Amino acid sequence: MQPHPMLTETLTMFMFIAVELTALFLLISYLVGVLQAYIPAAKIQSILSGNKGKGYFVAGFLGAITPFCSCSTIPFLKGLLRARANFGSMMVFLFASPLLNPTIIGLLVFTFGLEIALFYFAVSMTVAVIAGYLLDSFGFARYIRPEAYIEPSSCGKKDSCCGEAPVINKWKKIWLVTWLDFKKVLPYLFIGIAIGSVIYGYMPTELVARLASDSNPLAIPVSAVIGIPLYIRAEALIPLSAALASKGMGLGAIMALIIGSAGASLTEVILLKSLFKHQMIVAFLGVVLSMAIGAGYLYSALF
């Protein structure tokens, strides 16, 4: 008996994302550990805490040049937390990094044109910087979990690095910290991937296009809400959006879908629970949803 095509697609997506995110999380976590070994925390603090908001724009452009998706941003964010970087700058990076992924910008240019790509870039960067400033001003740093600042101990009973000078076995120590971090988030990671894969495999594009067609006055908020539970790589997100456009989905709704899907995902939200209290999670989702809906309506009004 042949498995149902949707089940096959769901399982394939689960395996692909699980392998990809595992490799990305370990690689990025290790590279962040290496950077922390060579760049003092005080240096990172000074770069991301510049006067008159300079640090916010540095964080935004750092996000724009890092090819991270919503989930692979988390290991880098952990490194910034442990370096005690400016909270507002960290939030700018959290919002900007997945949205301004160079792959997304490039695919937008080639699929929808330079005008749409520039509009998307301007809205994403502006809202990320404003959101970072406001969250910092309102004191949302208090919703960071205390344990998020603490690096896991790399010394086990059989680990020869304990008691030795920090220089000795530093590569092994970085790897052990990376592995301990990964083990802590593994359950969250796989739960998020499983739910996202089911939604992706069983959500018909025809239904999405119908709900988000120009004839539906709520098309833009519906598209933004649909986008967040999905975990779709940029390489698939933009072609999917083009396919939906060919089925009658309005470009304002497509803009909302892209920002909702790229800016947050269920997997990322589940991972963020290990770093933030629920108040910060709600604020994060509120910013992404507001950005997606606002950009959709703004695009419809201007173009």
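Quick notes on the rules
Per chain, the residues get numbers from 1 upward, laid out in the order the sequence is written. Thresholds applied to this predicted model are a pLDDT of at least 70 for local features of residues and 80 or more for the giving and counting of side-chain atom pairs; totals over whole chains, interfaces and linings are not thresholded and use all residues. To get the side-chain values, all heavy atoms of the structure are used, and hydrogens and water are removed first. Strands are runs of DSSP state E lasting at least two residues, helices are runs of H or I lasting at least four, and both sets are numbered from the N terminus onward. Buried, partly exposed and exposed residues are distinguished by accessible area as a fraction of the type maximum, computed with a 1.4 Å probe on protein chains only: under 20%, between the cut-offs, and over 50%, respectively. We call two residues contacting when some pair of their heavy atoms lies within 4.5 Å. Under the convention used here, a 1.4 Å probe and the Shrake-Rupley method define accessible areas, while residue burial counts only the protein chains that appear. Only centres within 6.5 Å qualify two rings of Phe, Tyr or Trp (six-membered ring in Trp) as a pair; their planes then separate them into stacked at under 30 degrees, edge-to-face at over 60, and tilted for everything else. Here a cavity denotes grid points, spaced 1 Å and computed from the protein atoms alone, that fit a 1.4 Å probe unable to get out, and a pocket denotes an open set having protein on both sides within 12 Å along at least 5 of 7 lines; residues with an atom within 4 Å of a point are the lining. Grid points are joined across faces, edges and corners, and a volume is the space filled by probe spheres set on the points. Here the term charged refers only to Asp, Glu, Lys and Arg, the term nonpolar to Ala, Val, Leu, Ile, Met, Phe, Trp, Tyr, Cys and Pro, and the term polar to all other amino acids, Gly among them. Put simply, buried Ala, Val, Leu, Ile, Met, Phe, Trp, Tyr and Cys residues joined by side-chain atoms within 4.5 Å make one nonpolar core.

Peer 1: Please provide a residue-by-residue account of the overall build of the protein, values included.
Peer 2: Helix and strand counts for the protein come out as 14 helices and zero strands. Each helix and strand of the protein, ordered N terminal to C terminal, gives the series α-α-α-α-α-α-α-α-α-α-α-α-α-α. The buried share of the protein, taken over its 303 residues, is 49%. Long-range pairs, those at least 24 residues apart, make up 83% of the contacts in the protein between residues at least 6 apart in sequence. Entry remark: accessible area of the protein is about 14100 Å², with carbon and sulfur atoms responsible for 71%.

Peer 1: Go over the packing of aromatic side chains, please, and point to the residues and values.
Peer 2: Tallied over the full model, the rule gives nine aromatic pairs. Ring geometry for Phe119 against Phe303: centres 5.6 Å apart, planes inclined by 90°, an arrangement best described as edge-to-face. On the criterion of sequence distance, the pair formed by Phe119 in helix α7 (residues 114-137) and Phe303 in the segment after α14 (278-302) is long-range, its members being 184 residues apart. Residue classification places Phe119 among the buried positions, given a relative accessible area of 10%. By the ring-pair criterion, three or more aromatic residues cluster together here, those being Tyr30, Trp175 and Trp179.

Peer 1: An account of empty space enclosed by the protein is needed here, citing residue identities and associated values.
Peer 2: Counted under the stated rule, the structure contains two cavities of 30 Å³ or more. Taken as a whole, the second largest cavity encloses approximately 40 Å³ of empty space. Among the secondary structure elements, those contributing two or more residues to the lining of the second largest cavity are α6 (102-112) and α12 (251-263). By residue number, the principal contributor to the lining of the second largest cavity is α12, which donates four residues. Of the residues belonging to the lining of the second largest cavity, the class tally is seven nonpolar, no polar and no charged.

Peer 1: Mind laying out the nonpolar core, listing which residues take part and the relevant values?
Peer 2: Formed by 82 residues in total, the largest nonpolar core has its most connected members in Met91, Phe95, Tyr120, Leu272, Phe276, Met280 and Phe284. Setting aside residues up to four positions removed in sequence, Phe284 forms contacts with Leu94, Phe95, Gly263, Ala264, Glu268, Val269 and Leu272.

Scope: geometric values only; no functional claims are made or implied.
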